[in-house]
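# Fold and contact review
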Amino acid sequence: MIDASTSPVRIEFHDGVALVLIDNPPVNATSRAVRAGLLEAVHSARTNVAVKALVIACEGRTFVAGGDIREFGKPPLEPLLPDVCDAIETSAKPVVAALHGTALGGGFEIALACHARVMNNDARIGLPEVKLGLIPGAGGTQRLPRLAGMRAALDIIASGRQVKAAEAVSLGIADCVAEGDLRGEAIAVARSLVGAPLRRIGELATPDFDAKAIEAARGVIEKKARGQISPVKAGEIAMLAATLPLRQGLARERAMFVELMGGGQSRALRHAFFAEREASRVPGLENAAPRAFESIGVVGAGTMGAGVAIALADAGLRVTVVETGAAALEAGRARVRSAYERQTKSGRIDESQSAERQARMAFAEGLEALSSCDLVIEAVFEDMAVKQALFRRLGLIAKSSAVLATNTSYLDVNAIAAASGRARDVIGLHFFAPANIMRLLEIARGADSSADAVATGLALAKRLGKIPVVCGVCDGFIGNRILAAFRAQAEFALEDGALPHEVDAAMEAFGFPMGPFAVSDLSGLDIAWARRKRLEPSRDPQTRYASRVADRLCAMGRLGQKTGAGWYRYESGERIVDPVVTKLIEDVSAEFAIKRAPIDAETIQRNIRAAIVNEGAKILAERVASRALDIDMAMIHGFGYPPWRGGPMFEADEIGLPLVLKDVEAVALSCGRGWEPAPLLVDLARSNQTFGATV
Ligand code: 3H9
């Protein structure tokens, strides 16, 4: 018997309809108490003659958003959700789901067990289990294909995407959209079902799906999954709905759910889920209140500045973009306009949204236009003298409560802050291009940055829907510093025996969306070249230099896709392996007496991975990052590290290397004196980064 005073599920009676209300903040996840409460509600309705029908609804911001992820990986506690769903579906009295917010995972599965679904206009449904390395485990894979057809179900299940109410109705998933009072309308629907034969999804005919279509669908899912298991398994199990009776299908679903729950990919994705949320809770900043911001200034309307301005306007903020001259300003305005045109053309937003967002932007010449802004973000040319001159003026022009942020990728935030004369107001806000798309936002905390200025950066990230990673000041912060170590390994591989397309293929097989050389061609080789030239005087001659080939490509004018050639050649947008580059690489190897030998994909992956982890360990040891999870988030959200691996530091911990990464002192020791090579990874910090070739 459930204690009604403590249960998160209670019942209200509305003239023959039992309104079952789940109240389990923050997102009404199906914890054990919720499952028990729901089951009890369905059972008690069975014997209560006064109850003719039931409606399941939720208090708070959303309908049930899924199984309780905090319970995952622990021994399952009864009653299990599939049994609760079973009790709902087999109920002799009609049960209707009233959906608001996001009915996800187990929440949507509860709704699928009901005999009808009523949605709020702005509600969404979805089965995001694949994003946690799982498949739906409470009937979703078997009921959704029966309800919406195999094609739509496969798309929803394997992608994990959220479906809006209008689409849900058009796919037959929702019975109707409530026009006003959701619960009232759901109660009316429930009443209308009393006495009529109930439509149980589990009893619907199995969906049509021919073998050829199955094969094609499997291929599409596999390609998109890029090494992630759960979308492929989710697709396979959902396809069983076409051939197996419900009970057998459910049993197969449950077995796969349990198997994946115990696997490494789900562990990694669960780590990523919680790390994403933990990233904004920075130790030491718990009591720091962000400064208020509504109006934001952006200095510079180049690619980065325009992208930042778009991200801000998209989030409903007022933006003033400034440039130095009329021509630059007009070019910036055109850049923003064409970005919005692309978005409307592709259907991401409609004309009125585009107009509304652009109406929030003002363009002005001269910094004086920023005097009333709450926050100013600088995105000008990457040059210390230029940035310092700018901050000197901003320090005087910006209002005293304003936060001043630099979007520098590599320069010393402390030196920029000092120029402003008000270093406590200055932070780094490092966006990644395209700034309106990429989710990572590095927030660099200078030596004198005040806690409330950093908290303002965190609040901005939340407003923009970005993942914030707070870091200290160093060359490249977290992300670009690790990228440099990654790229160095990739370039050593070339000199030692591999070719760009082999390295790219190895890293794509590892799970990166694009290999490092393809990325380099896409973003252009010139920025890194300029940086190398800047750092040349301080380069340690004892350390192996990675970019001899890259330097020569740049000198040849091969700056990547924009010049039609870089690490590859480009013809009609197609990437082609170029014999000129192969010859150049072989010449460089010969010139430096490096005996080339083939390098297999596994070795390339292992060494690049080791370089990333080693650099991450140093970053922790130097306290540039305060937690390993910040490094994982930077790599996943800024650099395409496969999320199903959980990030490099999580992965290193999983395989027992480097031992105690979270313990900064131990990392400092291991970095300084070297740790024993682990079975999978080698310590490249000690071996001077070679692939074992003769150097
Ligand atoms: C599943 O359902 C399996 C079933 O098929 C089978 C079972 C047998 N559990 O994201 P937010 C917490 S798999 C526990 O910041 P938003 C979250 O950690 C599950 N906790 O809010 C955070 O806590 P804190 C399928 C959860 O408004 C707080 O809620 N479902 C869960 O930006 C607020 O979260 C999913 O994968 C959970 N399921 O976004 C849905 N969900 O404040 C995952 C959230 O301590 N959740 N929390 O950091 C989401 O996508 C978003 O949270 C949601 C709200 C869209 C719901």
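Everything quoted here is computed from the prediction, not taken from an experiment. (Residues numbered from 1 in each chain as written. Predicted model: local features only at pLDDT ≥ 70, side-chain atom pairs only at ≥ 80, totals over all residues. Heavy atoms only, no water.)

### As for helix α15 (residues 384–397)
Definition in use: Here a strand is any run of E in DSSP of at least two residues, a helix any run of H or I of at least four, and the numbering for each starts at the N terminus. To estimate how far a helix should reach, multiply one less than its number of residues by 1.5 Å. When a residue's accessible area, from a 1.4 Å probe over protein chains only, is under 20% of the maximum for its type it is buried; when over 50% it is exposed; and in between it is partly exposed. Each C-beta atom gives one direction from the helix axis, and the arc is the one those directions make. A contact between two residues is defined here by any heavy atoms of the two lying within 4.5 Å.
Between its first and last C-alpha, α15 extends 20 Å over 14 residues, near the 20 Å set by a 1.5 Å rise per residue. Along α15, the residues that are buried comprise Lys387, Leu390, Phe391, Leu394, Gly395 and Ile397. Taken down its axis, α15 places every buried residue within 165 degrees of arc, on the same side. Along α15, the residues that are exposed and aim more than 90 degrees away from the buried face are Ala385 and Leu396. Residues of α15 that are buried in the fold lie against β10 (295–299), β13 (375–378), β14 (403–406), α16 (413–420) and β15 (426–431).

### Description of the nonpolar core
Selection criterion: Residues grouped as a nonpolar core are buried Ala, Val, Leu, Ile, Met, Phe, Trp, Tyr and Cys residues, joined through side-chain atoms within 4.5 Å.
In this structure, Ile56, Ile88, Ile125, Leu144, Ile173 and Phe209 are the most contacted members of the largest nonpolar core, which totals 77 residues. Looking at this core, the element that brings in the most residues is helix α5 (residues 150–159), giving 7 residues. Those residues in contact with Phe209 that lie beyond four places of it in its chain are Met150, Arg151, Leu154, Ile214, Ala217, Met239 and Ala242. Core analysis: the second largest hydrophobic core is formed by 58 residues, Phe486, Tyr568, Val588 and Ile599 among them.

### Some thoughts on the site of the ligand
Applicable threshold: Any residue with a heavy atom lying within 4 Å of a molecule or strand is counted as near it. The definition of a polar contact used here is a pair of N or O atoms within 3.5 Å, where within protein one atom must be able to donate a hydrogen and the other to accept one, and adjacent residues in sequence count solely through side-chain atom pairs. All accessibility values rest on the Shrake-Rupley procedure with a 1.4 Å probe; residue burial counts only the protein chains present in the view. Residue polarity is assigned by list, with Asp, Glu, Lys and Arg as charged and Ala, Val, Leu, Ile, Met, Phe, Trp, Tyr, Cys and Pro as nonpolar; anything else, Gly included, falls into the polar class.
With respect to spatial proximity, 28 residues lie near the ligand, and among them Arg61, Gly67, Glu109, Glu129 and Arg277 are the closest. Within the contact set of the ligand, an oxygen atom lies 2.6 Å away from a side-chain nitrogen or oxygen of Arg61. Between an oxygen atom of the ligand and a side-chain N or O atom of Arg277, the distance comes to 2.8 Å. Notes on the ligand: free accessible area 1000 Å², of which the protein chains cover 77%. For the shell around the ligand, the secondary structure elements donating two or more residues are β5 (102–104), α3 (106–113), α10 (246–261) and α11 (264–278). For the shell around the ligand, the class distribution of residues is 14 nonpolar, 6 polar and 8 charged.

### A few points about the pairing of strand β3 (residues 53–58)
Spelled out, the test is: Look down the strands so they point away from you; if the path from the first strand over the helix to the second goes clockwise, the crossover is right-handed. For two strands to be treated as a pair, DSSP must find no fewer than two bridges joining them.
With 6 of 6 residues buried, β3 is to be regarded as a mostly interior element. Following the backbone out of strand β2 (residues 17–22), through helix α1 (residues 32–47) and into the adjacent parallel β3, one traces a crossover that is right-handed. Bridging between β3 and strand β4 (residues 95–99) involves 3 bridges; their strand directions are parallel. Bridge assignment links Ile56 to a residue of β4, and that residue is Ala97. After leaving β3, the chain enters helix α2 (residues 81–89) and then returns to the sheet as β4, a path that is right-handed.

### Observations concerning the sheet that holds strand β8 (residues 162–164)
Using the following cut-off: Angles here are taken between N-to-C directions and fall from 0 to 180 degrees, while the axes themselves are lines fitted to C-alpha atoms, restricted in helices to the stretch in contact.
Taken in spatial order, the 3 strands make up an open sheet running β5-β7-β8, and their pairing is mixed. The open sheet terminates on both sides in strands that have one partner only, identified here as β5 and β8. Strand-to-strand twist in this sheet, taken as the mean axis angle between neighbours without regard to direction, amounts to 25 degrees. Pairing between strand β7 (residues 124–126) and β8: 3 bridges, direction antiparallel. Note on β8: the bridge partner recorded for Arg124 is Lys164. Each of β5 and β7 is contacted by α3, which is oriented at about 85 degrees to β5, the strand it contacts most.

### Details of the domain arrangement of the chain
For an interface, size is often stated in terms of accessible area lost upon the parts coming together. To keep things clear, this is the line we draw: Just so you know, the domain bounds were taken from an automatic or database domain assignment.
As assigned here, the chain comprises domain 1 (9–262), domain 2 (295–471) and domain 3 (479–688). Taking only C-alpha atoms, the centre of domain 1 and the centre of domain 2 are 42 Å apart.

### With respect to the environment of Pro468
Note on placement: Pro468 falls in strand β17 (residues 467–471). It is 35 Å that separates the C-alpha atoms of Pro468 and Ala98, two residues lying 370 residues apart in sequence. Setting aside its immediate chain neighbours within four residues, Pro468 contacts Ala279, Ser280, Leu441, Ile443, Leu458 and Ala461.

### Concerning the layout of surface pockets
Put simply, the rule reads: Computed over the protein atoms alone on a 1 Å grid, cavities are sets of points where a 1.4 Å probe fits but cannot get out and pockets are open sets with protein on both sides within 12 Å along at least five of seven lines; a residue lines them when it has an atom within 4 Å of a point. Grid points are joined across faces, edges and corners, and a volume is the space filled by probe spheres set on the points.
One number sums up the size of the second largest pocket: a volume of about 290 Å³. Considering the residues around the second largest pocket, the lining is formed by 15 residues, among which Gly307, Ala339, Arg342, Pro434 and Asn436 are closest to the centre. Mapped onto the lining of the second largest pocket, the elements with two or more residues apiece are α12 (303–314) and α13 (326–345). With 5 residues, α13 is the single largest residue contributor to the lining of the second largest pocket.

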